[in-house]
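Topology and contacts: notes
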Amino acid sequence: MNHRIDPDRLRGLSIFLVGMMGSGKTTAGQILARHIGYRFFDTDVLIEGVAGETIAEIFQNSGEETFREIETRILAEVSSLTKSVIATGGGIVLKRENWSYLRHGLMIWLDAPIEVLVQRLQGDSSRPLLRETDLENKLTVLLEQRRSLYSEADLRIAIDASDSPESIVDRMIDRIPGVLQQPSIDREDN
Ligand SMILES: Nc1ncnc2c1ncn2[C@@H]1O[C@H](COP(=O)(O)OP(=O)(O)O)[C@@H](O)[C@H]1O
Ligand SMILES: O=C(O)C1=C[C@@H](OP(=O)(O)O)[C@@H](O)[C@H](O)C1
Ligand SMILES: [Mg+2]
């Protein structure tokens, strides 16, 4: 953890948010981008745009493998951007190929405990992998499969049930010196 961080290299570097479904990548990512004057992208939204279908429909009509192929294609495209916050889908870490793209930026792992994920995702119908009766068990299995991959990120932000998106963003900003030192960024505007 933190092994690649070199403040001089962070200027303009994009930020990739990784972590489990429900960890808040999409929510916190938008706020983070606004605060640091970066553009915001969400790989799931971009995937839906090119497919012309929702994530649930892509899984249903074409299967997970097709979804993962589009996900890699989109990631390859956004990885060439600078000054962008990119919220990824929770499964992006699964493919080794994706890591060559993720390593173009600073990777931040939003690490929320299972209880928090369950609380947030109860009744959610937009995430096809969670269409199971035992949500807690499914999330536990997925996290077991993915934890060691997420832990390869540059930064880990541990999240509690009481952490607001804004407080999480503040902690991220505290941990990424260099990004806010760019003269074009004025946090007072936000
Ligand atoms: N810090 C937070 N506190 C409370 N609820 C949150 C927080 N962050 C996200 N949420 C809620 O949890 C759900 C999942 O958040 P989302 O940003 O979509 O996560 P992800 O993109 O990692 O799957 C959404 O309903 C969102 O409003
Ligand atoms: O964890 C996963 O495999 C997935 C996470 C989802 O995104 P979020 O992590 O934003 O929920 C979405 O990409 C798809 O449903 C698969
Ligand atoms: Mg998301």
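Residues numbered from 1 in each chain as written. Chains lettered and ligands numbered in written order. Predicted model: local features only at pLDDT ≥ 70, side-chain atom pairs only at ≥ 80, totals over all residues. Heavy atoms only, no water.

1. Some thoughts on the site of ligand 1
Under the convention used in this document: Think of it this way: one heavy atom of a residue within 4 Å of a molecule or strand is enough to make that residue near it. Throughout this description, a polar contact denotes any pair of N or O atoms lying within 3.5 Å of each other; where both atoms belong to protein, one of them has to be capable of donating a hydrogen while the other can accept it, and for residues adjacent in sequence the pair is counted only when both atoms sit in side chains. Each accessible area is a Shrake-Rupley estimate made with a 1.4 Å probe; only the visible protein chains count as cover when residues are assessed. In DSSP terms, a helix is any run of H or I states spanning at least four residues, a strand is any run of E spanning at least two, and both are numbered starting from the N terminus. Side-chain classes are defined by residue name, with Ala, Val, Leu, Ile, Met, Phe, Trp, Tyr, Cys and Pro counting as nonpolar, Asp, Glu, Lys and Arg as charged, and the others, Gly among them, as polar.
Around ligand 1 sit 14 residues in total, of which Gly 22, Lys 25, Thr 26, Thr 27 and Asp 163 are the nearest. Separating a nitrogen atom of ligand 1 from a backbone N or O atom of Asp 163 is a distance of 2.9 Å. For ligand 1, whose unbound accessible area comes to 560 Å², protein coverage reaches 70%. When contributions to the shell around ligand 1 are tallied by element, the ones reaching two or more residues are helix H1 (25–36) and helix H8 (165–175). Broken down by element, the shell around ligand 1 gets its largest block of residues, three residues, from H1. Among the residues forming the shell around ligand 1, the class breakdown is four nonpolar, six polar and four charged.

2. Notes on the pattern of salt bridges
What counts, and what does not: A side-chain nitrogen of Lys or Arg and a carboxyl oxygen of Asp or Glu constitute a salt bridge if their distance falls within 4 Å. Summary of the burial criterion: residues with accessible area below 20% of their type's maximum are buried, those above 50% are exposed, and those between are partly exposed, where the area comes from a 1.4 Å probe applied to protein chains only.
Evaluated as defined, the whole model comprises six salt bridges. In this structure, the salt-bridge partner of Asp 154 is Arg 103, at a minimum N-O distance of 3.8 Å. Taken together, the residues Asp 154 in the loop between helix H7 (135–150) and strand E5 (155–158) and Arg 103 in the loop between helix H5 (96–102) and strand E4 (106–111) connect sequence positions 51 residues apart. For Arg 103, a relative accessible area of 24% puts it in the partly exposed group. Linking Arg 156 and Asp 111 is a salt bridge whose minimum nitrogen-to-oxygen distance equals 2.8 Å. In this pair, Arg 156 sits in strand E5 while Asp 111 sits in strand E4, placing the two residues 45 residues apart along the sequence.

3. Structural notes on the environment of Tyr 101
The test is simple: Two residues qualify as a contact provided that any one of their heavy atoms is within 4.5 Å of a heavy atom in the partner residue.
With respect to the secondary-structure elements, Tyr 101 resides in helix H5. With relative accessibility at 22%, the residue Tyr 101 sits in the partly exposed group. Considering only alpha carbons, one finds Tyr 101 and His 35, 66 residues apart in sequence, at a separation of 24 Å. Beyond its immediate chain neighbours, meaning those up to four positions away, Tyr 101 contacts Phe 16, Thr 72, Leu 75, Ala 76 and Ser 79.

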